[in-house]
Amino acid sequence: MHRTAQRGLAIVSTIALLVAAAGCGDDGSGPGGAAVPGVTDTEIVVGTHMPLTGPASAGYSKIAPATKAYFDYVNAAGGVHGRKITYKVMDDGYNPANTQQVVRQLVLQDKVFAILNGLGTPTHTGVLDFLKTNRVPDLFVASGSRSWDQPDKYPGTFGFNPDYTVEGKILANYAKANLAGQKVCFLGQDDDFGRDSLAGVEKVLGAGAVAVKQTYVTSNTNVAPQIGAFKAAGCQVVVLATVPGFTALSIGTAARLGFKPQWLVSNVGADHPTLAKQLGAAAPLLEGMIGTNYLPMQNDTSNPWIQLFMKVNKTHNGDAPFDGNTVYGMSVGYLFVQTLLSAGKDLTREKVLGAVQKGGFQGPGLVPLRFSASDHSGYGGQRLSRVTGGVQSYFGPAYETDEADGPVNEYAATPAAPPANGVPTVS
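Every chain is numbered independently, its residues counted from 1 as its sequence is written. With pLDDT at 70 or above as the cut-off, local features in this predicted model cover only qualifying residues; side-chain atom pairs require 80 or more to be listed or tallied, and sums for whole chains, interfaces and linings still use all residues. Side-chain descriptors were evaluated using all non-hydrogen atoms of the structure, hydrogens and water having been removed beforehand.

A. Representation of the pairing of strand β7 (residues 210-216) within the structure. For two strands to count as paired, DSSP must find a minimum of two bridges between them. The numbering of helices and of strands both runs from the N terminus, where a helix is a DSSP run of H or I of at least 4 residues and a strand a run of E of at least 2. When strand β6 (residues 184-189) meets β7, the two strands line up parallel, connected through six bridges. Its bridge partner being in β7, Phe 186 is matched across the sheet by Lys 213.

Here you go:
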């Protein structure tokens, strides 16, 4: 394994403006109706940047293989409008400098049609302007940063995860209702991930309600100073805006220091199978952890989406260990296939962006997708989970809210069922 990964273990405007600004023709690829990059009569080539190694590789390295497995499943059923999907996955090690290099390669050398599910707040932020300048659809970013929801500035970028402020509000809403009077503290990644999460927590609890606020950087796996500060302050509840390696590192460090708060953990760092693998024999430390999610729970074998994804995992992903990252990757793949179908057989970059803005997609999510001309943020809420007896399960209702000062409301709609053959159809 890459040494950086080992350290982590020691221990994710309008279409018109886009086209007009670039002077594109109707096919979205340039004046004069030139061929659409990445598209032939038989193939659609898309690319992504992922942390296959490095401090965020724990768990996250499984996402792109799961997405590719779903594409292979669809390809085996005939593809999308007769085209097979080719998914080029580039390792950036969760290093922003690497991200810029590999994305440039995907766009300028590999001529991909779109970038799909590029992972990471600090990594993907650095390629937004490059993708805009080159008129490349930037779809379903694997991060909850509010940066992806800027339709006027980045009309070709769309999120997927609920934004971190929405998530912070939902976690804080739980604390307010169930842990009233307890001292709340916060540890977040030192970028928009942490800042947006903290903003959500403070919108619900109040600006002065978080007693101790700490940050971490992924290049430093020693979080003892931060956890020690929480213990010294008598923190009783700790909200973690952390990637999986740093969730495990924080909980493990706290145990060594004899510190046992109630953990409230961001969905991107709360997948129990990933954390249990990180902690090994210390996995029981996860007992009682409260997390969030917005997709079917990986261990709910009665759920038809989990049944579908487990089938795909077995037939096209080497029957790899199945966890929330697998569910996430396949959910992204399903949504992208829906988008391609909605864009039509005469596929162009402009049409695929228009299809996302049109919205109306139904999939495995427990909460609604919010895509529209004015909202590029992706999923709009979450549901709480708890680890009990070594099993992560949902409890209570799903919730939705906004990134501003709106209330946290229950969301009661029943999720859609998957098609009988597991492949979406044209709506």
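What follows picks up the thread again.
B. Fine view of the pairing of strand β9 (residues 262-265). Here four bridges tie strand β8 (residues 237-241) to β9, and the two strands are oriented parallel to one another. Of the residues in β9, the one forming a bridge with Val 237 is Gln 262. A crossover connection joins β8 to the parallel β9 through helix α11 (residues 244-256); in handedness this β-α-β unit is right-handed. One ladder, built from two bridges, connects β9 with strand β10 (residues 290-293); its direction is parallel. Its bridge partner lying in β10, Leu 264 is registered against Ile 290. Seen with the strands pointing away from the viewer, any crossover whose path from the first strand over the helix to the second strand runs clockwise is right-handed.

C. The pattern of salt bridges, seen in detail. Think of a salt bridge as a Lys or Arg side-chain nitrogen and an Asp or Glu carboxyl oxygen that are within 4 Å of each other. What the rule picks out here adds up to 10 salt bridges. For the salt bridge of Asp 402 with Lys 169, the shortest nitrogen-to-oxygen distance reads 2.9 Å. Highlighted residues: Asp 402 in the loop between β12 (391-400) and β13 (409-411) and Lys 169 in helix α8 (residues 164-178), separated in sequence by 233 residues. Each residue's exposure class comes from its accessible area (1.4 Å probe, protein chains only) as a fraction of the maximum for that residue type: buried when under 20%, exposed when over 50%, partly exposed otherwise. Classification of Asp 402 by relative accessible area gives partly exposed; the value is 31%. Through salt bridges with shared partners, a single network forms among Asp 190, Asp 192 and Arg 195.

D. The nonpolar core, seen in detail. The biggest cluster of nonpolar side chains holds 109 residues, and the ones touching the most others in it are Phe 113 and Phe 140. Examining the composition of this core, we find that 11 residues originate from one element, helix α14 (residues 324-343), more than from any other. For Phe 140, the residues in contact, after removing those within four places along its chain, are Leu 116, Asn 117, Phe 158, Gly 159, Phe 160, Leu 335, Phe 336, Thr 339, Val 356 and Phe 371. Membership of the second largest hydrophobic core comes to 12 residues, among which are Val 103, Leu 106, Val 127 and Phe 130. Only buried residues count toward a nonpolar core, which is a set of Ala, Val, Leu, Ile, Met, Phe, Trp, Tyr and Cys residues joined through side-chain atoms within 4.5 Å. Any two residues whose heavy atoms approach within 4.5 Å at even a single point are treated as in contact.

E. Fine view of the sheet that holds β13. In spatial order, the strands read β7-β6-β8-β9-β10-β11-β12-β13; together these eight strands make up an open sheet with mixed pairing. The open sheet has two edge strands with one neighbour each: β7 and β13. Geometrically, the sheet is characterised by an average inter-axis angle of 30° between neighbouring strands, direction not taken into account. Pairing of β12 with β13, which is carried by three bridges, proceeds in the antiparallel orientation. Counterpart to Ala 398 in the pairing with β13 is Tyr 411. To get an axis, a line is fitted to the C-alpha atoms, and for a helix only the part in contact is used. The angle between two axes follows their N-to-C directions and goes from 0 to 180 degrees.

F. Spotlight on the environment of Val 352. Residue placement: Val 352 occurs in helix α15 (residues 349-358). Under the relative-accessibility criterion, Val 352 is labelled buried at 0%. Considering only alpha carbons, one finds Val 352 and Gly 381, 29 residues apart in sequence, at a separation of 25 Å. Setting aside residues no more than four positions away along its own chain, Val 352 makes contact with Phe 113, Pro 137, Thr 339, Leu 340, Ala 343 and Leu 347.

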